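Breakdown of the fold
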Amino acid sequence: MIWMSEKDILKRLRDSIVNLDIEGVKQACQDALAQGIPPIKAVTEGMANGMDIVGQKYEAKDYYLAELVMAGEVMKEGMKVLEPYLKDAEVKRLGKVAVGTVQGDLHDIGKNIFATLLEASGFDVIDLGANVTADKFVEVVRDQKPEILGLSALLTITMTELGNVIKELEKADLRNQIKVIVGGAPLTEEYAQKIGADAYAPDAVAGVNICKKWVE
Ligand code: B12
């Protein structure tokens with residue numbers, strides 16, 4: 001491979017998401033690894049920036065739903081290349097975290113990144129997927145006893161479901177057994193406080209750092 005600066009590779013990662021270019025993203029991820037760019041940086045400062053641009057294009061009606069779907073697929077292919085390098089089997093085990101995207105919401109890319117980074121940091125992750133009902137979250141907290149529950153919501157209309165999950169945990173008398181962290185683009189610190197979450201994180205890295213503090 002011809003030597004490229006880190007900046008150029010991050011730009012290629014971003015652009016291949018925006019151009020919905022699966023082969024391009026895979027190659028750029030491989031080049032990032034070959035050049036010693038930390039894989040987490042390739043995600044957060046490369047591909048994730050591309051997803052932001054895709055979102056803006058969707059809002060501007062330059063892109064339609066088909067492109068949103070495709071962008072999600074392209075990002076997932078890139079993640080497949082990077083994931084083995086994000087994980088490190090040698091790290092000490094820290095505890096159990098259940099994660100999921102709330103009911104009505106199918107966005108799972110951010111949640112998946114959070115889950116991957118948790119695993120890489122030594123947490124055991126129970127990934128419930130997307131469109132998860134409050135009942136399911138309650139059942140898992142009761143039966144599998146994770147220390148932490150991570151909830152994701154990407155739509156303004158599904159944000160309210162986060163509060164609902166917390167209420168259901170209270171009703172089931174489980175709220176005091178678990179720390180709840182919430183994340184997703186439309187959320188804010190204030191909103192997280194209002195619904196009674198223990199923490200909000202603007203990105204997956206910050207989220208993992210909060211989880212680490214909790215189990216220290
Ligand atoms: C890809 C995408 C899709 C894909 C999702 C594919 C998938 N498997 O996830 C598909 C095509 C399915 C989709 C569908 C829809 N989408 Co969409 N989508 C997006 C897009 C472009 C990117 C989202 C994404 O993956 N970003 C990249 C990841 C890495 O970022 P992230 O999710 O924010 O996650 C980071 C942090 O937020 C955080 N995080 C996330 N979750 C959690 C959880 C915890 C616990 C922690 C600690 C951290 C954390 O960590 C992550 C990494 O640092 C966004 C635009 C955008 N830029 O956000 C629109 C967007 C979210 N979608 C939108 C809309 C409107 C829709 C649809 C309603 C479209 C339609 N008309 O049908 C549907 C809804 C379907 C549903 N019921 O969920 C709007 C939402 C507007 C709003 N405020 O409500 C957005 C903002 C686009 C826009 N600008 O209009 N979408």
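The rules behind the values
- Residues numbered from 1 in each chain as written.
- Predicted model: local features only at pLDDT ≥ 70, side-chain atom pairs only at ≥ 80, totals over all residues.
- Near = placed C-beta within 6 Å.
- Helix = DSSP H or I, 4+ residues; strand = E, 2+ residues; numbered from the N terminus.
- Domains from an automatic or database assignment.
- Pairing = 2+ DSSP bridges.
- Contact = placed C-beta atoms within 7 Å.
- Axes fitted to C-alpha atoms, helices over the stretch in contact; angles between N-to-C directions.
- Parallel < 35°, antiparallel > 145°, perpendicular 65-115°, else oblique.
- Nonpolar A, V, L, I, M, F, W, Y, C, P; charged D, E, K, R; others polar.

Now for the site of the ligand. Taken together, 39 residues sit near the ligand, with Gly-55, Gly-72, Gly-110, Gly-183 and Gly-207 positioned nearest. When residues of the shell around the ligand are traced back to their parent elements, those giving at least two are helix 3 (39–59), helix 4 (65–86), helix 5 (109–121), strand 3 (148–152), strand 4 (179–183) and helix 9 (204–215). There are two domains that each give the shell around the ligand at least three residues, and those are domain 1 (6–86) and domain 2 (95–215).

A few words now on the sheet that holds strand 2 (residues 123–127). A sheet is described by the order of its strands in space; here five strands give the open sequence 2-1-3-4-5, paired in parallel fashion. Of all the strands in the sheet, just strand 2 and strand 5 (199–200) have a single pairing partner and so form its edges. Here helix 6 (residues 134–144) sits on the sheet in contact with strand 1 (95–101), strand 2 and strand 3, set at roughly 170° to strand 1.

So, about the packing of helix 3 against helix 4. At a minimum axis distance of 11 Å, the contact between helix 3 and helix 4 shows a crossing angle of 175°. Viewed along their axes, helix 3 and helix 4 adopt a mutual orientation that is roughly antiparallel. Across the interface between the two elements, Pro-39, Ile-40, Ala-42, Val-43, Met-47, Met-51, Val-54 and Tyr-58 of helix 3 pack against Glu-67, Leu-68, Ala-71, Met-75, Gly-78, Leu-82, Tyr-85 and Leu-86 of helix 4. Here the residues of the contact of helix 3 with helix 4 are counted per class, giving 14 nonpolar, one polar and one charged.

Moving on: the domain arrangement of the protein. Assigned domains within the protein: domain 1 (6–86) and domain 2 (95–215). The C-alpha-based centres of domain 1 and domain 2 are spaced at 25 Å. Counting residues at the interface gives eight residues for domain 1, matched by eight residues for domain 2. Those elements giving two or more residues to the side of domain 1 that touches domain 2 turn out to be helix 3 and helix 4. Per-element tally for the side of domain 1 that touches domain 2: the top contributor is helix 4, with five residues. Residue composition of the side of domain 1 that touches domain 2, grouped by class: five nonpolar, two polar and one charged.

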